[in-house]
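# A look at the structure
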Amino acid sequence: MEERLNLSTNFITPEQTQKGRGLTRKLGELSANQLLLITETETPEQLSNTAHLTVRPDYSEGRHESFFGVWFADMTMHGKGGSEDDTLARQPVAIKPLDIPRLAAQELRTATDINGHDQRRLTFQPIGFANIGRSDSSSSKLSIITEFEEGVTSFDNVLYKDKGEDDNEKLDDDTVAWALGCAARGLIILHGLGYEHGDYQVQNTAYDTGLQPRIIDITGAIKRYDPLSFSGDLKIYIGSLSDFDTRKPVASKEQVLDCFLAPYREEIPNMFPRDHLQREMHNAVDCIAATIDDILSPSGDNKA
């Protein structure tokens, strides 16, 4: 039997989500099973004040289990009468529990800023928030709701796909090169906008149906100005290629150098326009390049 949740709905405009407009307070005041949906007008005349979430476990197929417990659903909105026959919109959504109002508000603003540059969709766009209680939980949790986009695939499903009993089966070189290059392009865009991701591992890199880079989980993303802060994302990504020393790396040292670090290093002048920042970042990347073996396998037990 499918799980279906009914949410009472309030509306908020994009302008009202801006910093200093009380969004964090509003999120902290959401009652159980209440939805705060971002719309162009605060009181859309054509929409009812109830939304329905129909849980869709099938949307998670091919996706590794999320650290945050992300789950998926179809969100349905009806007209003012609320009749099932008067469906105005049905939107597949991803729901991420994020029980700290400040972090939920920050993630919305970060995603909106990142996606607002050059009409580029780099990460999933939040469309609202809800305080949701599910049948398998004894309490409700504040969650951020984003558009679910079919066809966006995370690279852990490419590089860490189930290879049966043979864990040493070698991935195709072109596949590895493409995954590393796509991760580099995503990071170049993100760092060029001044954001450190904070958890830039393989499972948080992805591609869309146009084979363009996408970035997952920007909860910890923060504006930075010191180039050394950005180097952490590079090291985390390289370390995740061996699942942080728990398996043989899916990429060799040479592949990391040529397909990940080299394209990133080439774009440093465009990401950091000031000369002294460029020098610092070049030095940081060169240091990482010299210690790739240790980053991939600190113990030395899982050398490529």
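The present account deals with the structure reproduced in this document. Computed from a prediction, not measured in an experiment: that's the story for all the values here.

## Points about the overall build of the chain
The helix and strand inventory of the chain stands at nine helices and 12 strands. Out of the 304 residues in the chain, the part that is buried amounts to 50%. Of the contacts formed within the chain by residues at least 6 apart in sequence, a portion of 70% connects residues at least 24 apart. Counting every atom, the chain has about 15,000 Å² of accessible surface; 46% of that belongs to carbon and sulfur.

## Looking at unusual backbone geometry
Trans is the prevailing form of peptide bonds, just as negative phi is the prevailing case for residues other than glycine. Located in the positive-phi region is Asn33, a residue other than glycine, with phi close to 60°. Take Asn33: it is sitting in the loop between α1 (23-28) and β2 (34-38). Residue Asn33 is classed as partly exposed on the basis of its relative accessible area, which comes to 26%.

## Observations concerning the sheet that holds strand β1 (residues 4-12)
To summarise the sheet geometry, strands pair through backbone hydrogen bonds and adopt either a parallel or an antiparallel arrangement. Ordered in space as β1-β2-β6-β7-β5-β4-β3, the seven strands form a closed barrel in which the pairing is mixed. Taking the axes of each pair of neighbouring strands and ignoring which way they run, one obtains an average angle of 35° across the sheet. Strand direction decides the pairing type here: β1 and strand β3 (residues 47-55), joined by five bridges, are antiparallel. Bridge pairing in β3 places Leu5 opposite Leu53. Its contacts with the sheet put helix α2 (residues 101-115) on β2, β5 (87-97), β6 (126-132) and β7 (141-147), and the angle it makes with β6 is roughly 165°.

Calculation criteria
Residues numbered from 1 in each chain as written. Predicted model: local features only at pLDDT ≥ 70, side-chain atom pairs only at ≥ 80, totals over all residues. Heavy atoms only, no water. Helix = DSSP H or I, 4+ residues; strand = E, 2+ residues; numbered from the N terminus. Buried < 20%, exposed > 50% of the residue type's maximum accessible area, 1.4 Å probe, protein only. Contact = heavy atoms within 4.5 Å. Areas by Shrake-Rupley, 256 points an atom, 1.4 Å probe, with all protein chains shown as cover. Pairing = 2+ DSSP bridges. Axes fitted to C-alpha atoms, helices over the stretch in contact; angles between N-to-C directions.

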